[in-house]
Amino acid sequence: MRDAVIVDAVRTPIGKRGGALADVHPAELSAVVLRALVERTGMDPALVDDVIWGCVSQVSEQASNVGRNAILTAGWPESVPGTSVNRACGSSQQAVSFAAAGVIAGHYDIAVAGGVESMSRVPMGSAAQGAQSVPTAVLEHYGVEAFNQGVGAEMIAEKWGFSRTQLDEYALRSHELTAAAVDAGAFNAQLASVATLNADEGLRRGGSLEKLASLATPFKEDGVIHAGNASQISDGAGAVLVMTSEMARKNGLTPIARIHTCVVAGDDPVIMLTGPIRATEMALRKSGLSIDDIGAFEVNEAFAPVPLAWLQETGAKPDRLNPVGGAIAVGHPLGGSGAILMTRLVHHMRDNGIRYGLQTMCEAGGLANATILELL
């Protein structure tokens, strides 16, 4: 029976908007991690059957199939195909799911999944360019003027009763855990430096509740969501090498983890960000595992209420949630975040001998992916 295993996973450091990666073309950011996979594994890139690349704003420099352009920029053989996918913030997690499905089905023997977003060079919302992408009839059906993630985050905070102080405490936790991981060298083995950047740029040390309390709440007057407890706008890329375990043996490669279970869920597009709760339930049910079987969770920190509501609903152990921090501390480069989180997860599992890990992400439109990995 065919399987799908992760042989290696690598990411760039995450750059702040307008920061160290702002001058790097997104195809070049992507090429950095593609080249790194070859350098780290010794794999012949000509053996890759497809490159599946997540990207959200597929316009401007990210248009014209950025996945294919990444291959050419990396100097890989012209024979290697590539495609670009968009499932909003979960684009590159979906790319891994597609790669695993293709490998298990026998369409591929080796695939690379990943993604990129340069939010400095292609600003969020560029794809719509002022157009109304959701038809009026749909908005009228839901009784709203627009779908808005920030408003959805405020709705979650209200529904689950999270105070601003609780959200800000969670945000400080993200920075503290990331700082501890950086100081311990936890990210060193997964990073491919870009230009002069060799560490995540968004980390802020020494934060306080007092500083966070001074920030404006743009989505709701007297609200609780602000820049300090939301993910940072960022630049970055990640890549995951997927193949059958038989193909890994033939090429003298040692898999890190098996892609155990992949699901995708749809949920309410107004509150929008609660999909990870349902996706996690689906993944556990499909896998036959319990929440306590999972030793580490990567729940994307789009906004602080998202992982907190997920934690409350799933009953997961708090110390297993985002154990090395998250997007509040280091940023969320949209189309690249799924592969970046998976890279963080698989390395954390290997470093700590954790058998099962689960990753899930909220996504625009009320969507969510969930993926369970098994350490080998």
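Quick caveat: nothing in here was measured; it's all calculated off a predicted structure.

Give me the lowdown on unusual backbone geometry, citing residues and values where you can.
For Ala195, which is not a glycine, the phi torsion comes out positive at approximately 50 degrees. Along the polypeptide, Ala195 turns up in the loop between helix H6 (164–183) and helix H7 (209–213). With a relative accessible area of 68%, Ala195 lands in the exposed category. Positive phi values are uncommon outside glycine, yet Asp222 reaches one of about 60 degrees.

So what about the layout of surface pockets? Which residues, and what values?
By volume, the largest pocket is sized at about 1,400 Å³. What lines the largest pocket is a set of 40 residues, and nearest its centre among them are Met124, Gly125, Gln149, Leu334 and Ala364. When the residues that make up the lining of the largest pocket are grouped by side-chain class, the tally is 22 nonpolar, 13 polar and 5 charged. Taken as a whole, the second largest pocket holds about 150 Å³ of empty space. As for the second largest pocket, its lining consists of Ala171, Leu172, His175, Arg204, Arg205, Gly206, Gly207, Ser208, Lys211, Leu212, Leu215 and Gly228. Those elements that provide at least two residues to the lining of the second largest pocket are H6 and H7. Per-element accounting of the lining of the second largest pocket gives the leading share, 3 residues, to H6. Taken together, the residues of the lining of the second largest pocket break down into 4 nonpolar, 5 polar and 3 charged.

Let's hear about the environment of Ala279: which residues, and what values?
Here Ala279 lies in helix H9 (residues 275–287). Separated by 13 residues in sequence, Ala279 and Gly266 have C-alpha atoms that sit 8.2 Å apart. The residues contacting Ala279, other than those within four sequence positions of it, are Val263, Ala265, Thr360, Ala368, Asn369 and Ala370.

How would you sum up the pattern of salt bridges? Please name residues and give values.
Proximity of charged atoms lets side chains of opposite charge pair with each other. Under the defined criterion, the tally for this structure stands at 13 salt bridges. A salt bridge links Arg164 to Asp168; the shortest N-O distance between them is 3.7 Å. With Arg164 and Asp168 both in helix H6 and 4 residues apart, this pair spans about one turn of that helix. For the pair Arg164 and Asp168, one class covers both residues: buried. Each of Arg258, Arg355 and Glu374 takes part in one network of salt bridges that share partners.

Give a detailed account of the packing of aromatic side chains, specifying residues and quantitative values.
Tallied over the full model, the rule gives 3 aromatic pairs. Look at Tyr142 and Phe147: their rings are 5.8 Å apart centre to centre, the planes differ by 70 degrees, and that puts the pair in the edge-to-face class. Judged by its relative accessible area of 23%, Phe147 falls in the partly exposed class. The cationic tip of Arg11 hangs over the ring face of Phe187; the distance from NZ or CZ to the ring centre is 5.1 Å.

Go over the pairing of strand E9 (residues 356–363), please, and point to the residues and values.
With respect to burial, E9 is a largely interior element, 8 of its 8 residues being buried. Of the two faces of E9, the one holding Tyr356, Leu358, Thr360 and Cys362 and the one holding Gly357, Gln359, Met361 and Glu363 are both buried throughout. Direction of pairing for E9 relative to strand E10 (residues 367–375): antiparallel, over a ladder of 8 bridges. Along E10, the bridge assignment pairs Thr360 with Ala370.

I'd like a description of helix H10 (residues 305–314), backed by residues and values.
Burial within H10 is extensive, with 8 of its 10 residues counted as buried. Buried within H10 are the following residues: Pro305, Val306, Pro307, Leu308, Ala309, Trp310, Leu311 and Thr314. As for H10, its buried residues are in contact with helix H5 (149–160), H6, H9, strand E8 (296–299) and E9. With its phi angle positive at about 75 degrees, Gly315 sits one or two positions after the end of H10.

Quick one: what's the story with a nonpolar patch on the surface, residue by residue and with numbers?
A cluster of nonpolar side chains, namely Val151, Met155 and Phe219, defines an oily patch on the protein surface of about 210 Å² accessible area. Residue class for Met155 comes out partly exposed when judged on its relative accessible area of 32%.

Describe the packing of helix H3 (residues 91–105) against helix H12 (residues 337–352), listing the residues and the values that go with them.
Relative orientation of the contacting elements H3 and H12 amounts to 70 degrees, with a least axis distance of 5 Å. As the angle between them shows, H3 and H12 are arranged roughly perpendicular. Where H3 approaches H12, its residues Ser92, Gln93 and Val96 are matched on the opposing element by Ser337, Gly338, Ala339 and Met342. Along the lines of polarity and charge, the residues of the contact of H3 with H12 split into 3 nonpolar, 4 polar and no charged.

The rules behind each value
Residues numbered from 1 in each chain as written. Predicted model: local features only at pLDDT ≥ 70, side-chain atom pairs only at ≥ 80, totals over all residues. Heavy atoms only, no water. Helix = DSSP H or I, 4+ residues; strand = E, 2+ residues; numbered from the N terminus. Buried < 20%, exposed > 50% of the residue type's maximum accessible area, 1.4 Å probe, protein only. 1 Å grid on protein atoms, 1.4 Å probe; cavity = no way out; pocket = protein on both sides within 12 Å on 5 of 7 lines; lining within 4 Å. Points joined across faces, edges and corners; volume = space filled by probe spheres on them. Nonpolar A, V, L, I, M, F, W, Y, C, P; charged D, E, K, R; others polar. Contact = heavy atoms within 4.5 Å. Salt bridge = Lys/Arg side-chain N within 4 Å of Asp/Glu carboxyl O. Phe/Tyr/Trp six-rings, centres within 6.5 Å; stacked < 30°, edge-to-face > 60°. Lys NZ or Arg CZ within 6 Å of the ring centre and 35° of its normal. Pairing = 2+ DSSP bridges. Patch = residues over 30% accessible without salt bridge, like charges linked within 9 Å, V, L, I, M, F, W, Y side chains within 5 Å. Areas by Shrake-Rupley, 256 points an atom, 1.4 Å probe, with all protein chains shown as cover. Axes fitted to C-alpha atoms, helices over the stretch in contact; angles between N-to-C directions. Parallel < 35°, antiparallel > 145°, perpendicular 65-115°, else oblique.

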